[in-house]
Amino acid sequence: MSLKAGIVGLPNVGKSTLFNAITKQQALAANYPFATIEPNIGVVTVPDKRLNFLNDLYQPKSLVPTAYEFIDIAGLVKGASQGEGLGNKFLSHVREVDAIVEVVRCFENRDITHVEGLVDPIRDIGIINTELILSDLEIVENRIAKMGKKAQMTKDKQELLEIGVLNKCKENLLQEVPLRLVDFDEDELVVLKGFQFITAKPIIYVANVSEDEVATGNNEYVERVQQYASKEGAGVVVMCAKIEAELAGLTDEDRELFMEDLGINNSGLDKLIFETYDLLGLATFFTAGTDECRAWTFKKGMKAPECAGIIHTDFQRGFIRAEVMSYEDLVQYGTELKVKEAGKTRLEGKEYLMQDGDIVYFRFNV
């Protein structure tokens, strides 16, 4: 599955530094607005110790972790919805992602200029939210205007549904309510999906702190971001992007020693990757053998044939059944044979809901 998370924020909040750490690429990180013009795209592998276990057990020729894209998008400024800064070019990039990672500056540093002057994370969040809301509102109003009187006269159920959804969006956006906080039923969500509204996308906040505060992971700015995020049910990951970039360039052994010296147990990047993965409602199933051990991303609630289709469309089209064992059972019994002998291998049909950690062999015929 091709999944994308967009890193956004005001200029000079640490977006590109964070992106460098995530992807171990060297995107330009400079102390002036719009150092990032075109979006930098990097593939992020999801750390998973289960795949390491499968690798040790099967010793396959190929090992493939699950992954998705992080996109570093140029810094937004006040007035972007009206064309300021990179304006609609920035906003078009945001529409293409599945989730938003909003980096918020939560540190003081006189050597790094702030585009708005003083550091104020809630003001910064407000600027970005306002611009995204205005951008979505423009699309809603343009569509309503295009439908015109026809929308008032129509008896077509689909058109009536669309105009109802658009009016509902307009009402909330005018009250500065992001669409992700609005309740929509299943039919309305189908209509909503076609517009790729930015404010309908799930969001997670990254509170970027200084090196001195990375161990405690807290300061007045962070607390304000956490309070803000809790009101909309959003997550907050606290990290120092600069330190994460340094950690990303180290060997595993040196990385562990550096983290120990810093007094932290877990990398902020790992937390962000898992939080974003969870934010999108994703899980992982595995295929395993001597040729290849591979992790596959799927959305929670998908049935076995749909997951088979992630591997190949023929697998879904000709799906017969899925032979499934859990990762936990394989760890407990040690080999596939012993899992089968213990009666823990299952044959599942078309209605089986795939579970995180399933190790599966799909049977199909086309």
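Residues numbered from 1 in each chain as written. Predicted model: local features only at pLDDT ≥ 70, side-chain atom pairs only at ≥ 80, totals over all residues. Heavy atoms only, no water.

Focus on the overall build of the protein
Selection criterion: A helix here means a DSSP run of H or I that spans at least four residues, while a strand means a run of E at least two residues long, and both kinds are numbered starting from the N terminus. The cut-offs for exposure are 20% and 50% of the maximum accessible area for each residue type, with area from a 1.4 Å probe on protein chains only; residues under the lower value are buried, those over the upper are exposed, and the others partly exposed. For this analysis, residues touch if any pair of their heavy atoms sits within 4.5 Å. Per-residue and other accessible areas follow the Shrake-Rupley method at a 1.4 Å probe size, with only the shown protein chains counted as cover for residues.
Counting its regular elements, the protein contains 14 helices and 12 strands. Per-residue burial for the protein yields a buried fraction of 47% across its 366 residues. Taking as baseline every contact in the protein between residues at least 6 positions apart, the subset at least 24 positions apart corresponds to 70%. A total of about 18600 Å² of accessible surface is found on the protein, and carbon and sulfur atoms cover 48% of it.

What to know about empty space enclosed by the protein
The line we're drawing: A pocket here means an open set of points on a 1 Å grid, computed over the protein atoms alone, that has protein on both sides within 12 Å along at least five of seven lines. A cavity is instead a set of points where a 1.4 Å probe fits but cannot get out; residues with an atom within 4 Å of a point line either one. Grid points are joined across faces, edges and corners, and a volume is the space filled by probe spheres set on the points. Classification convention: Asp, Glu, Lys, Arg as charged; Ala, Val, Leu, Ile, Met, Phe, Trp, Tyr, Cys, Pro as nonpolar; all other residues, Gly among them, as polar.
Throughout the structure, instances matching the rule amount to 1 cavity of 30 Å³ or more. Computed from the structure, the largest cavity encloses a volume of approximately 40 Å³. Lining the largest cavity are Asn129, Leu132, Ile133, Pro178, Arg180 and Thr199. In the lining of the largest cavity, the residues fall into 3 nonpolar, 2 polar and 1 charged.

Some words on the packing of helix H8 (residues 241–248) against helix H9 (residues 252–262)
Counted only if it meets this: Each axis is a line fitted through C-alpha atoms, and for a helix only the stretch in contact is used; angles between axes span 0 to 180 degrees, taken between their N-to-C directions. Roughly parallel means an angle under 35 degrees; roughly antiparallel means over 145; roughly perpendicular covers 65 to 115; every other angle is labelled oblique. Helix crossings get a hand from a simple test, with the near helix turned counterclockwise from the far one by less than a right angle marking a left-handed crossing and a clockwise turn marking a right-handed one.
Between H8 and H9, whose axes approach to 9 Å, the crossing angle comes to 150°. Taken together, the axes of H8 and H9 lie roughly antiparallel to each other. Between H8 and H9 the crossing geometry is right-handed. Contacts between H8 and H9 involve Ile243, Glu246 and Leu247 from the former and Arg255, Phe258, Met259 and Leu262 from the latter. The residue makeup of the contact of H8 with H9, split by class, is 5 nonpolar, no polar and 2 charged.

A look at a negative patch on the surface
Just so we agree on the cut-off: Patch rule: a residue counts if its relative accessible area is over 30% and it has no salt bridge; like charges are joined within 9 Å, and nonpolar side chains (Val, Leu, Ile, Met, Phe, Trp, Tyr) within 5 Å. Each salt bridge in this description consists of a side-chain nitrogen of Lys or Arg and a carboxyl oxygen of Asp or Glu lying within 4 Å of one another. A positive count includes Lys and Arg, and a negative count includes Asp and Glu. His and the chain ends are not counted in either. Where a charge lies is defined by one atom per residue type, namely NZ (Lys), CZ (Arg), CG (Asp) and CD (Glu).
A contiguous patch of negative charge on the surface is contributed by Asp252, Glu256, Glu260 and Asp261. Along the polypeptide, Glu256 turns up in helix H9.

Considering the side chain of Glu162
Examined against the element boundaries, Glu162 turns out to sit in helix H5 (residues 157–174). Judged by relative accessible area, which is 14%, Glu162 ranks as buried. In contact with Glu162, not counting residues within four places along its chain, are Arg143, Met147, Val191 and Phe195.

Quick word on the packing of aromatic side chains
For clarity, the cut-off: The rule is short: rings of Phe, Tyr and Trp, with Trp giving its six-membered ring, pair when the centres are within 6.5 Å, and they are stacked under 30 degrees, edge-to-face over 60, tilted in between. Criterion for a charge above a ring: Lys NZ or Arg CZ within 6 Å of the ring centre, and within 35 degrees of the ring normal.
Inspection of every chain in the model, using the stated rule, returns 8 aromatic pairs. On the basis of an interplanar angle of 10° and a centroid distance of 5.2 Å, the ring pair of Phe195 and Phe197 is categorised as stacked. Across this residue pair, the class does not change: Phe195 and Phe197 are buried. Here the aromatic cluster, defined as three or more aromatic residues joined through ring pairs, consists of Phe285, Trp296, Phe298, Phe319 and Phe362. Looking at Arg294, its charged tip hangs above the ring of Trp296, at a distance of 4.1 Å from the centre.

Remarks on the side chain of Glu348
The test is simple: Any pair of N or O atoms that falls within 3.5 Å is considered a polar contact. Within protein, one atom must be able to donate a hydrogen and the other to accept it, and sequence-neighbouring residues count only if both atoms are side-chain atoms.
Tracing the backbone shows Glu348 in strand E11 (residues 346–348). Classification of Glu348 by relative accessible area gives buried; the value is 18%. Among the polar contacts listed, one links the side chain of Glu348 to the side chain of Arg346, at a separation of 2.9 Å. In this view, Glu348 contacts Phe319, Arg321, Ala322 and Val324; residues no more than four positions away in its chain are not counted.

Here's the deal with the nonpolar core
What counts is decided by this rule: Take the buried residues of types Ala, Val, Leu, Ile, Met, Phe, Trp, Tyr and Cys, join any two whose side-chain atoms come within 4.5 Å, and each joined set is a nonpolar core.
The biggest cluster of nonpolar side chains holds 58 residues, and the ones touching the most others in it are Leu18, Phe70 and Leu272. The residues contacting Phe70, other than those within four sequence positions of it, are Ala5, Ile7, Phe19, Ile22, Asn40, Ile41, Gly42, Val44, Val101, Leu272, Ile273 and Thr276. Grouped together as the second largest cluster of nonpolar side chains are 17 residues, Ile144, Met147, Leu179 and Leu192 included.

By themselves these figures say nothing about function.
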